[in-house]
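Residue-level structural notes
Take a look at the letters that make up each chain.
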Amino acid sequence: MRARTIFLIVCIVLVAAFAALNVDEFTRTSVLSLGFTTVQVPLGMVMLLLLVIATVVFLASTLYMQSANLIETRKYARELNAQRELADKAEASRFTELRNYLEAQSTATLQREAANATVLAERLAQTQAALVQRLEQSDNATAAYMGQLEDRLDRNIGLANPR
């Protein structure tokens with residue numbers, strides 16, 4: 001229990017014990033003035049009754065405030081849960097958008113890589129064709145030089161050896 005509740009219970013018990021110990025004084029009648037009339041009632045009982053009424057009013061107001069606070073807390077908890085769910089949905093939506101964006105970027109990157117690979121393959125084929133052509137030209141030039149050398153050798157040998 002809370003300290004306030006314990007304190008209130010202890011005070012009520014002390015007042016009850018005090019009233020029980022002094023019951024003769026509480027029940028002795030006195031003349032009391034109400035302003036417009038006078039009455040004979042036990043003053044102690046009137047004061048005790050007023051104390052009980054004040055305590056009941058205090059407890060009722062405390063109970064009302066606590067119940068109002070509890071209702072408001074539950075309302076805020078529901079609103080907080082609704083906001084949390086809304087935030088979770090927004091977060092999920094952002095994750096979905098991010099995934100779609102990343103997929104689009106990945107697809108675009110793959111397309112660029114495929115296009116670059118195609119261009120590279122075409123250039124490589126062109127370079128290879130040019131290299132093959134140059135090799136053929138080089139082979140032809142070498143064969144032509146060899147043919148010229150053979151002709152010279154044949155002529156030089158034929159001049160040197162006139163048979």
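None of the values given here were measured: they were computed from a predicted structure. (Residues numbered from 1 in each chain as written. Predicted model: local features only at pLDDT ≥ 70, side-chain atom pairs only at ≥ 80, totals over all residues. Heavy atoms only, no water.)

Per the secondary structure count, the protein chain includes three helices and two strands. Walking the protein chain from its N terminus toward its C terminus, one meets helices and strands in the order α-α-β-β-α. C-alpha atoms of the protein chain, sized along the principal axes, occupy 180 × 30 × 20 Å. Counting over 163 residues, the protein chain shows a buried share of 2%. A fraction of 21% describes how many contacts in the protein chain between residues 6 or more apart in sequence connect residues 24 or more apart. For the protein chain, the accessible area works out to roughly 14500 Å², and carbon and sulfur atoms hold 64% of it. Averaging the locations of the 16 positively and 16 negatively charged side chains of the protein chain gives two centres separated by 7 Å. (Helix = DSSP H or I, 4+ residues; strand = E, 2+ residues; numbered from the N terminus. Buried < 20%, exposed > 50% of the residue type's maximum accessible area, 1.4 Å probe, protein only. Contact = heavy atoms within 4.5 Å. Areas by Shrake-Rupley, 256 points an atom, 1.4 Å probe, with all protein chains shown as cover. Lys, Arg positive; Asp, Glu negative; His and termini not counted. Charge placed at Lys NZ, Arg CZ, Asp CG, Glu CD.)

Glancing now at the pairing of strand E2 (residues 38–42). Side-chain positions along a regular strand alternate between the two faces of the sheet. The pairing of strand E1 (residues 29–33) with E2 spans five bridges and is classified as antiparallel. Within E2, the position partnered with Val31 by the bridge is Gln40. Connecting the antiparallel pair E1 and E2 is a turn made up of four residues, with Gly35 showing a positive phi of about 100°. (Pairing = 2+ DSSP bridges.)

The subject of this paragraph is a nonpolar patch on the surface. A contiguous nonpolar surface patch, about 620 Å² in accessible area, is contributed by Leu43, Val46, Met47, Leu49, Leu50, Ile53 and Val57. Along the chain, the position of Val46 falls in helix H3 (residues 43–160). (Patch = residues over 30% accessible without salt bridge, like charges linked within 9 Å, V, L, I, M, F, W, Y side chains within 5 Å. Salt bridge = Lys/Arg side-chain N within 4 Å of Asp/Glu carboxyl O.)

What follows deals with the confidence of the model for the protein chain. Of all residues in the protein chain, 97% have pLDDT values of 70 or greater, and the mean over the chain is 89. At the low end of the mean pLDDT range in the protein chain sits helix H2 (residues 23–27), at 82; at the high end sits H3, at 91. (pLDDT = per-residue confidence, 0-100.)

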